[in-house]
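One-letter residues, chain by chain:
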Amino acid sequence: MNINRRKFLILKSATLGSMVLSACQTSTDHSSSSVTPSTSINDTKSVENSGVFKLTPLPYEYDALEPYIDQETMQFHHDKHYAGYIKNLNGAIAKYPELKEKNAEDLLRSLNTLPEDIRTAVQNNGGSYVNHKMFWEIMTPNGGGEPEGKIAAAINESFGNFDSFKQKFNAAGGGRFGSGWVWLVLGKGGKLKVTSTPNQDSPFLTGDYPIMGNDVWEHAYYLKYQNRRGDYLNAWWNVVNWPEVNRRYELAIALIA
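Under an unreviewed UniProt entry, the name given to the protein chain is Superoxide dismutase, and the organism recorded is Okeania hirsuta. Looking at the protein chain in UniProt, the text filed under Catalytic activity (unreviewed entry) is "2 superoxide + 2 H(+) = H2O2 + O2". According to the UniProt record, the Function (unreviewed entry) comment for the protein chain reads "Destroys radicals which are normally produced within the cells and which are toxic to biological systems."

Helix and strand counts for the protein chain come out as 11 helices and 3 strands. Each helix (α) and strand (β) of the protein chain, taken in turn from the N terminus, gives the series α-α-α-α-α-α-α-α-β-β-β-α-α-α. Counting all 257 residues of the protein chain, 50% fall into the buried class. Put simply, of all contacts in the protein chain between residues at least 6 apart along the chain, 68% involve residues at least 24 apart. Surface accessibility of the protein chain: about 11800 Å² in total, with carbon and sulfur atoms responsible for 49%.

This paragraph deals with the pairing of strand β1 (residues 180–186). Within β1, 7 of the 7 residues are buried, leaving the element largely enclosed by the surrounding structure. In β1, alternate side chains face the same way, and those of Gly180, Val182, Leu184 and Leu186 on one face and Trp181, Trp183 and Val185 on the other are all buried. In the sheet, β1 pairs with strand β2 (residues 192–198) via 7 bridges, with the strands oriented antiparallel. Note that in β2 the partner of valine 185 across the bridge is lysine 193. In sequence, β1 turns back onto β2 through a hairpin of 5 residues, with glycine 190 there showing a positive phi of about 85 degrees.

Let's shift gears to the sheet that holds β2. Strands in a sheet are paired, the pairing made by backbone hydrogen bonds, and the direction either parallel or antiparallel. Taken together, 3 strands build an open sheet; the order of strands is β2-β1-β3 and the sheet is antiparallel. Two strands bound the open sheet, and with one partner strand each, they are β2 and β3 (209–215). This sheet shows a mean twist of 25 degrees between the axes of neighbouring strands, independent of strand direction. Judged from the 6 bridges that link them, β1 and β3 form a sheet pairing that is antiparallel. Looking at β3, one finds that valine 185 is bridged to proline 210.

With that settled, the discussion passes to the pattern of salt bridges. Enumeration over the complete set of coordinates arrives at 7 salt bridges. With a closest N to O distance of 3.8 Å, arginine 109 and glutamate 105 form a salt bridge. You can see arginine 109 and its partner glutamate 105 sitting in helix α5 (residues 104–109), 4 residues apart, about one turn around the helix. The class of arginine 109 is partly exposed, set by a relative accessible area of 44%. On the basis of relative accessibility, which here comes to 26%, the residue glutamate 105 falls in the partly exposed class. In this structure, aspartate 231 engages arginine 228 in a salt bridge whose closest nitrogen and oxygen atoms are separated by 3.0 Å. Accessibility expressed as a relative area gives 38% for aspartate 231, which makes it partly exposed.

Let's shift gears to unusual backbone geometry. Cis geometry is found at the peptide bond from glutamate 66 to proline 67, where omega equals 10 degrees. Along the chain, proline 67 turns up in the loop between α3 (37–43) and α4 (71–94). Although it is not a glycine, asparagine 142 sits at a positive phi angle of roughly 60 degrees. By secondary structure assignment, the location of asparagine 142 is in the loop between α6 (119–137) and α7 (150–159).

Core analysis: the biggest nonpolar cluster contains 67 residues, and Met139, Phe165, Leu184, Leu192, Ile211, Met212 and Trp236 have the highest contact counts within it. Ranked by residue count, the leading element in this core is α4, at 8 residues. In this view, tryptophan 236 contacts Ile69, Phe135, Ile138, Met139, Phe169, Met212, Gly213 and Asn214; residues no more than four positions away in its chain are not counted.

Before going further, it helps to spend a moment on the packing of α4 against α6. At a minimum axis separation of 9 Å, α4 and α6 run at an interaxial angle of 140 degrees. As summarised for this structure, α4 and α6 are arranged oblique, according to the angle between their axes. Judged by the twist between their axes, the crossing of α4 over α6 is left-handed. Contacts from Met74, His77, His78, Tyr82, Tyr85, Ile86, Asn88, Leu89, Ala92 and Ile93 in α4 reach Ala121, Val122, Asn125, Gly126, Ser128, Tyr129, His132, Lys133, Phe135 and Trp136 in α6. Here the contact of α4 with α6 is composed, by residue class, of 12 nonpolar, 7 polar and 1 charged.

Rules used in this analysis
- Residues numbered from 1 in each chain as written.
- Predicted model: local features only at pLDDT ≥ 70, side-chain atom pairs only at ≥ 80, totals over all residues.
- Heavy atoms only, no water.
- UniProt positions renumbered as here; feature names shortened; annotations may be inferred.
- Helix = DSSP H or I, 4+ residues; strand = E, 2+ residues; numbered from the N terminus.
- Buried < 20%, exposed > 50% of the residue type's maximum accessible area, 1.4 Å probe, protein only.
- Contact = heavy atoms within 4.5 Å.
- Areas by Shrake-Rupley, 256 points an atom, 1.4 Å probe, with all protein chains shown as cover.
- Pairing = 2+ DSSP bridges.
- Axes fitted to C-alpha atoms, helices over the stretch in contact; angles between N-to-C directions.
- Salt bridge = Lys/Arg side-chain N within 4 Å of Asp/Glu carboxyl O.
- Core = buried A, V, L, I, M, F, W, Y, C linked by side-chain atoms within 4.5 Å.
- Parallel < 35°, antiparallel > 145°, perpendicular 65-115°, else oblique.
- Left-handed = near helix turned anticlockwise from the far one by under 90°.
- Nonpolar A, V, L, I, M, F, W, Y, C, P; charged D, E, K, R; others polar.

Set out below in structure tokens:
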């Protein structure tokens, strides 16, 4: 049975849990019938821009990553899912005004010290905020190719060569059961490693620094790739913003040093 693409995503969103569903239902409507790529950067608004954490526009147009990531997926992903996570995070932090001085990374690093009633909300929604903020930035139109600079040398040292790294990264992303992320992180010992986390868990929770990561939740790819997660993982390399990945690596090295 053929299912309208938009109806399918709405149906799929219903299975992601009441927290995400609630957020998606209350977020601002930016459906493709009312927003065009030419207006998306200036007109995207947060569902709760009065909170500490803001819904900032994508650094490119919704359709800028085509044919690898389609416009409709980017609209739903950013304007519905991401916006909902931000609203939930702001709602949790609003209960404890003293936490408004902390950034999201610090909240995740100190999760076990937060008030118990908001820990799960911060883990899920704070993780999503940090993960997606990175995700939008490490993609770019006309990206891809091979890394350069310090990150290129570090990848070769840690994995032998770039192709071996890509294979290991894709295998970890393809092997993640259910929803989650695949990561290249800098570990506590200053070494690069490939990891995978469930749901919206951030590497910051375990003391690792996320250098780059790919979202393997179905809402990140299902409109275009359906159940072919492997095809999505392979295509994604064509939009990787290697200068930004290199910047994140150099920042991580400086923080660890």
